[in-house]
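# Remarks on the overall topology
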Amino acid sequence: MKPIAWALGALMAFGLSAGAADAADTTLRISLQLPLKSHLGQNLLLFKEEVEKNSNGDIAVEIYDSAQLYKDKEVPAAVGSGAIEMGVASLTRYVGDIPAVDIFYQPFLFDTADKVRAAVAPGSPVRGPLDDAIKETGSNVLWWQAYGGAIMLSKDAPVKTPEDMKGKKVRVFGKTLGDFVTAAGGAPTLISGSEQYLAYQRGTVDIGMTGVSGVKSRKLWEVMDTITVTNHADIEFIVVVNSDFWNGLPDEHKAIIEAAALKAESDVRDRVSQIEADAYAAAEENGMTVYKPTAEEISAWKSVSQPVYDAYKEKAGKLGETVLDAANNL
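Structural notes, computed from the coordinates. (Residues numbered from 1 in each chain as written. Predicted model: local features only at pLDDT ≥ 70, side-chain atom pairs only at ≥ 80, totals over all residues. Heavy atoms only, no water.)

### Some thoughts on the overall build of the protein
Quick reminder of the rule: Only DSSP runs of H or I with at least four residues qualify as helices, and only runs of E with at least two residues qualify as strands; both kinds are numbered from the N terminus onward. We compute the radius of gyration over the C-alpha atoms and compare it with the globule rule, which gives 2.2 Å times the number of residues raised to the power 0.38. Residue exposure (1.4 Å probe, protein chains only): buried if accessible area is under 20% of the type maximum, exposed if over 50%, otherwise partly exposed. Whether two residues touch is decided by their heavy atoms; if any such pair falls within 4.5 Å, the residues are in contact. In this tally, Lys and Arg are treated as positive and Asp and Glu as negative; His is ignored, and so are the chain termini. By convention, the point assigned to a charge is CZ for Arg, NZ for Lys, CD for Glu and CG for Asp.
For the protein, the helix and strand inventory stands at 12 helices and 10 strands. The globule rule puts the C-alpha radius of gyration for 330 residues at 20 Å, and the 20 Å found for the protein is close to it. Burial statistics for the protein: of 330 residues in total, 55% are counted as buried. The long-range share in the protein, meaning contacts at least 24 apart out of those at least 6 apart in sequence, stands at 76%. Side-chain charges in the protein split into 32 positive and 45 negative, and the spacing between the mean points of these groups amounts to 5 Å.

So, in structure tokens, the structure goes:
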């Protein structure tokens, strides 16, 4: 679809959504930092369709994408306080209150798709305690959205080993990823996802860190030309709902929302491998070089990673110890 047609379609959809909201008993506003065309945005549209269809219009869903209302880092407080009913945030945005959530950023801990699936399954010994802890912030987790593995972006040459990172400024999106960069000799800079493009364009940082699907949805090939496929962390987003709002909903509305959330979670998890493959293909089609490190180069990254684990154990307390033990036993 051409950009103008897509924009008009989005405006029409928003207008229909607003009209539906006027007629609905319950309205769910959802804040999303990524564009609606991103796979997380499309996943929210699936949720919206399911909820509105199965509630016969009694529940309306409004999606505010591209950080229109809140940046990623603002979502936990906005949802927890009830300023908005729902929001999508990177799991690591809860690290200030719950340091243990950064279990997924321990370097190369979840190094296979099977380990990731086992860890993120609802009620798993890794995810379950984290979901429970997030309730203490005033939000309930409805579902997790798979975003894929963390990669590195650069210009002119890949980031093959820690030697290539020494002395470089690196965009990160979490404190633990920053610890990883520091351990490798780089200088971490925390930059919101929606501000990434400008940071690369202006040279605020030398190296980027993100998920490959974000390269496609944000057209980062316009400002970076090389991807290094490290997959050193598993990036997860979560969709949360304000606890007081949730507790006040009729049971039949809760059931409809929970069923839609479960369908949305299964859909995005099942499709993430293809989403990543399509994003890599799009990156190459748009002139990017995709570099896959050798086993020896990955070993070099692992060899500098122990301080990250040490820092995690120190900060994450008993909960961190519990989920780390569970992750090691997957």
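On we go.
### Re the nonpolar core
To be explicit about the condition: We define a nonpolar core as any set of buried Ala, Val, Leu, Ile, Met, Phe, Trp, Tyr and Cys residues linked to one another through side-chain atoms lying within 4.5 Å.
Of all hydrophobic cores here, the largest spans 79 residues; its most connected members are Phe47, Ile103 and Phe104. Broken down by element, the residue count for this core peaks at 8 residues, all from helix 12 (residues 306–328). Excluding residues that lie within four positions of it along the chain, Phe47 makes contacts with Leu28, Ile30, Val61, Met86, Trp143, Ile257, Ala260, Ala261 and Ala264. Of all hydrophobic cores here, the second largest spans 19 residues; its members include Ala199, Val205, Ile227 and Ala283.

### Some remarks on the environment of Ala316
Tracing the backbone through its elements, the reader meets Ala316 in helix 12. For the pair Ala316 and Asp102, spaced 214 residues apart in the sequence, the C-alpha separation amounts to 8.6 Å. Once residues lying within four places of it in the same chain are set aside, the contact partners of Ala316 are Pro99 and Ala100.

### Re the environment of Thr92
Structurally, Thr92 is set in the loop between strand 3 (86–90) and helix 4 (113–120). The sequence separation of Thr92 and Lys73 amounts to 19 residues, and the corresponding C-alpha distance is 9.2 Å. Contact partners of Thr92, with chain neighbours within four places excluded, come to Val101, Asp102, Tyr105, Phe173 and Gly174.

### Re the pattern of salt bridges
Selection criterion: We define a salt bridge as a side-chain nitrogen of Lys or Arg found within 4 Å of a carboxyl oxygen belonging to Asp or Glu.
This structure, assessed with the given rule, holds 15 salt bridges. A salt bridge links Glu50 to Lys53; the shortest N-O distance between them is 3.4 Å. On the criterion of helical spacing, the pair formed by Glu50 and Lys53 is a turn pair, its members being 3 residues apart in helix 2 (residues 39–54). Measuring nitrogen to oxygen at the nearest pair gives 2.9 Å for the salt bridge that ties Arg127 to Asp131. Of the two residues, Arg127 and Asp131 both sit in helix 5 (residues 127–135), 4 residues apart, roughly one turn of that helix.

### Concerning the pairing of strand 2 (residues 59–64)
If a strand is regular, its side chains alternate between the two faces of the sheet. We count it as follows: A strand pair is defined by DSSP finding two or more bridges across the two strands. Seen with its strands pointing away from the viewer, a crossover is right-handed when the path leading from the first strand over the helix to the second is clockwise.
In terms of burial, strand 2 is largely enclosed, as 6 of its 6 residues are buried. Side chains Ile59, Val61 and Ile63 project from strand 2 onto one buried face, and the interleaved Ala60, Glu62 and Tyr64 project onto a second face that is buried too. As paired elements, strand 1 (residues 26–31) and strand 2 share 6 bridges and run parallel to each other. Following the sheet pairing, Thr26 is matched in strand 2 by Ile59. A crossover links strand 1 with its parallel partner strand 2, the connecting element being helix 2, and its sense is right-handed.

### Quick word on the packing of aromatic side chains
The test is simple: Ring pairs shown here join Phe, Tyr and Trp side chains whose ring centres sit within 6.5 Å, with only the six-membered ring taken for Trp; geometry is labelled stacked below 30 degrees between planes, edge-to-face above 60, and tilted in between.
Tallying each qualifying case throughout the model produces 7 aromatic pairs. With a centroid separation of 4.7 Å and 40° between ring planes, the pair formed by Phe47 and Trp143 is classed as tilted. Highlighted residues: Phe47 in helix 2 and Trp143 in strand 4 (residues 139–154), separated in sequence by 96 residues. Taken as a pair, Phe47 and Trp143 share a single burial class, namely buried. Measuring from ring centre to ring centre gives 5.7 Å for Phe180 and Trp301, while their planes differ by 45°; the resulting arrangement is tilted. With Phe180 in helix 6 (residues 175–183) and Trp301 in helix 11 (residues 295–303), this residue pair connects regions lying 121 residues apart in the sequence. Taken as a pair, Phe180 and Trp301 share a single burial class, namely buried. An aromatic cluster of three or more residues is present, and its members are Phe104, Phe110 and Trp144.

### Some remarks on helix 12
The cut-off we apply is this: Multiplying 1.5 Å by the helix residue count minus one yields the expected span of that helix. At any given residue, the bend is defined as the angle formed between two axes, one fitted to the seven residues that end at that position and one fitted to the seven that begin there.
Helix length check: helix 12, at 23 residues, gives a terminal C-alpha distance of 15 Å against a target of 33 Å (1.5 Å per residue), a shortfall beyond 12%. Of all the bends in helix 12, the greatest measures close to 125° and is centred on Gly317. Those residues of helix 12 lying buried are Val308, Tyr309, Ala311, Tyr312, Ala316, Gly320, Val323, Leu324, Ala326 and Ala327. Looking at the buried side of helix 12, the elements it contacts are helix 5 and helix 6.

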